[in-house]
Amino acid sequence: CSSWIMDYVGAWCLTRREQPATVTVEQYSGKDGPLRLQAPSGVYVEVRIPRKARHTDVSAAQKSCCGYHVVADVAGGRQMSLRHRVVDFRPPTGSILCTQVKFDHEVMGELSYPRGRCRDEYIEAWTKLHGGPVTALELVSELPRPGGRLA
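Criteria and thresholds
- Residues numbered from 1 in each chain as written.
- Predicted model: local features only at pLDDT ≥ 70, side-chain atom pairs only at ≥ 80, totals over all residues.
- Heavy atoms only, no water.
- Helix = DSSP H or I, 4+ residues; strand = E, 2+ residues; numbered from the N terminus.
- Polar contact = N/O pair within 3.5 Å; in protein donor to acceptor, adjacent residues only side chain to side chain.
- Contact = heavy atoms within 4.5 Å.
- Patch = residues over 30% accessible without salt bridge, like charges linked within 9 Å, V, L, I, M, F, W, Y side chains within 5 Å.
- Areas by Shrake-Rupley, 256 points an atom, 1.4 Å probe, with all protein chains shown as cover.
- Salt bridge = Lys/Arg side-chain N within 4 Å of Asp/Glu carboxyl O.
- Core = buried A, V, L, I, M, F, W, Y, C linked by side-chain atoms within 4.5 Å.
- Buried < 20%, exposed > 50% of the residue type's maximum accessible area, 1.4 Å probe, protein only.
- Pairing = 2+ DSSP bridges.
- Phe/Tyr/Trp six-rings, centres within 6.5 Å; stacked < 30°, edge-to-face > 60°.
- Lys NZ or Arg CZ within 6 Å of the ring centre and 35° of its normal.

> Sorry, what's going on with the side chain of Arg17 here?
Within the fold, Arg17 resides in strand β1 (residues 10–18). Polar contacts involving the side chain of Arg17 include one to the side chain of Glu124, which spans 2.3 Å. Apart from the residues lying within four places of it in its own chain, the contact partners of Arg17 are Val23, Thr24, Val25, Glu26, Tyr122, Ile123 and Glu124.

> Got a minute to help me understand a nonpolar patch on the surface in this structure?
A cluster of nonpolar side chains, Tyr68, Val70, Val86 and Val87, forms an exposed patch at the surface whose accessible area comes to about 350 Å². Looking at the nonpolar patch, the elements with two or more residues in it are β5 (65–73) and β6 (79–88). Residue placement: Tyr68 occurs in strand β5.

> What is the right way to read the nonpolar core from this model?
Side chains that are nonpolar tend, in soluble globular proteins, to be buried together. The biggest cluster of nonpolar side chains holds eight residues, and these are Ile5, Tyr8, Trp12, Leu14, Val71, Val101, Met108 and Trp126. Not counting residues within four places of it along the chain, the set of residues in contact with Met108 comprises Tyr8, Trp12, Arg36, Val101, Lys102, Phe103, Glu124, Ala125 and Trp126.

> Whenever I open this one, the pairing of strand β8 (residues 107–112) confuses me. Can you help?
Two faces, one strand: in a regular strand the side chains alternate between the faces of the sheet. Relative to β8, strand β7 (residues 97–104) runs antiparallel, the two sharing six bridges. Bridge pairing links Thr99 to Ser112 in β8. Sheet analysis places β8 next to strand β9 (residues 123–128), joined by five bridges and oriented antiparallel. Opposite Leu111, over in β9, you have Ile123 as the bridge partner.

> So what exactly am I meant to see when it comes to the packing of aromatic side chains here?
Geometrically, a pair of aromatic rings is defined through the distance of the ring centres and the angle of the planes. If you walk through the whole model with that rule in mind, you get two aromatic pairs. Judged by centre distance (5.0 Å) and plane angle (85°), the ring pair of Tyr8 and Phe103 falls under edge-to-face. Here Tyr8, found in the segment before β1, pairs with Phe103, found in strand β7; they are 95 residues apart in sequence, far enough to count as distant. One aromatic cluster is present, built from ring pairs that chain together Tyr8, Trp12 and Phe103. The ring of Tyr44 has Arg83 lying over it, and the distance from NZ or CZ to the ring centre is 4.7 Å.

Laid out in structure tokens, this is it:
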């Protein structure tokens, strides 16, 4: 794996989304925002479950997805981040999310590219949850154990 691909790897939390640029539509503090897990192989998972859905059915507001991620070299020595959603809770569009990415220590900024073609412009800021090389998840039951505690 290339050393620059490791910049993307790990657990990330969305802290801010603007759509279009300069209009904040989502903002989170701490670790309250949507979660992105990125593996060195390119496989990624985004968990975007709204805490307070305006809909009576939370699944209608669900925006989680997973797929694979690649970084492509383009003209001028720039690199573009390409995310292909393979499983999506929203109707598939068939388009690949293409963004320009900037890293500033533990923050990753993504700007949609190209602007205005196929979708609205957006900017997202993601904060790395920890700087280690490994991220692990723990599965927790949603069903209560006898006595009312979660398993």
